[in-house]
Amino acid sequence: PIMRTTKNGRAKTAIAKILTMLIISTIFTLLFTLSSFAVYGLRIGFSSPDNVIQALPTFILSPYQITIGQYFLITIGVKLLTFAVFSMTITTLSVVFYNYILIYFSGLGLFGLNFLFYTISFIDSNSVFKNLNLVATAITSPLFTRYRAMNFFGNVSGLVPSMCVLFPLLIAACVIMT
């Protein structure tokens, strides 16, 4: 007998599942991010979105010439990119493992490994594993407080530009594998 057949073909079904995962990730990321900003805005208030980011005490050493409004949009973009990488990795793992329990445990293990790399204090502070893991990039403010570079196989590379290149490549790899 033919197993795992689909009405619209395997490619259409895979694309539909990938798009559904990305849409759900986007909705929940926007929901949680915007609710946090709304609570902050209602509790403390916002300054003008046209002020440079260096006007805030936390970002005095930031090398990025952006406004607070641009920082807000970049923060949302970085979080969307981070959670898209996580959700696409879980989607790819679901293709590899057909058992739901293995999928859940692999997702938990992926998050746990990223959290471990983020919290271990004896890893070099410029390590790729410490700075470009999903937990470190989901917390966006440390990315912009000052210039951060890392040792990328003997070369100096800025953290934010590296993330903007590496994460879309990871998403593309996951889509291809799915």
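Conventions used here
Residues numbered from 1 in each chain as written. Predicted model: local features only at pLDDT ≥ 70, side-chain atom pairs only at ≥ 80, totals over all residues. Heavy atoms only, no water. Phe/Tyr/Trp six-rings, centres within 6.5 Å; stacked < 30°, edge-to-face > 60°. Helix = DSSP H or I, 4+ residues; strand = E, 2+ residues; numbered from the N terminus. Buried < 20%, exposed > 50% of the residue type's maximum accessible area, 1.4 Å probe, protein only. Axes fitted to C-alpha atoms, helices over the stretch in contact; angles between N-to-C directions. Left-handed = near helix turned anticlockwise from the far one by under 90°. Contact = heavy atoms within 4.5 Å. Nonpolar A, V, L, I, M, F, W, Y, C, P; charged D, E, K, R; others polar. Expected span 1.5 Å × (residues − 1).

Q: Requested: an account of the packing of aromatic side chains, with residues and values cited.
A: Under the criterion given, the structure shown has seven aromatic pairs. Ring geometry for Phe37 versus Phe72: centroids 4.5 Å apart, planes at 85°, classification edge-to-face. With Phe37 in helix H1 (residues 10-43) and Phe72 in helix H2 (residues 68-96), the pair connects residues that are 35 residues apart, well separated along the chain. Under the relative-accessibility criterion, Phe37 is labelled partly exposed at 23%.

Q: Go over the packing of H1 against H2, please, and point to the residues and values.
A: Where H1 meets H2, the closest approach of the two axes is 9 Å, and the angle between their N-to-C directions is 140°. Where H1 crosses over H2, the two elements pack in a sense that is right-handed. Touching Arg10, Ile18, Met21, Leu22, Ser25, Thr26, Thr29, Leu30, Thr33, Leu34 and Phe37 of H1 are Phe72, Thr75, Ile76, Lys79, Leu80, Phe83, Ala84, Ser87, Met88, Thr91 and Val95, all from H2. Looking at side-chain class alone, the contact of H1 with H2 contains 13 nonpolar, seven polar and two charged residues.

Q: Let's hear about H1: which residues, and what values?
A: Between its first and last C-alpha, H1 extends 49 Å over 34 residues, near the 50 Å set by a 1.5 Å rise per residue. Here H1 has its buried residues at Ala14, Ile18, Ser25, Thr29, Thr33 and Gly41. Where H1 is buried, its residues touch H2 and helix H7 (159-177). Phi for Gly45, located one or two positions after H1, is positive at around 100°.

It is worth stressing that arrangement in space is one thing and function is another; only the former is reported here.
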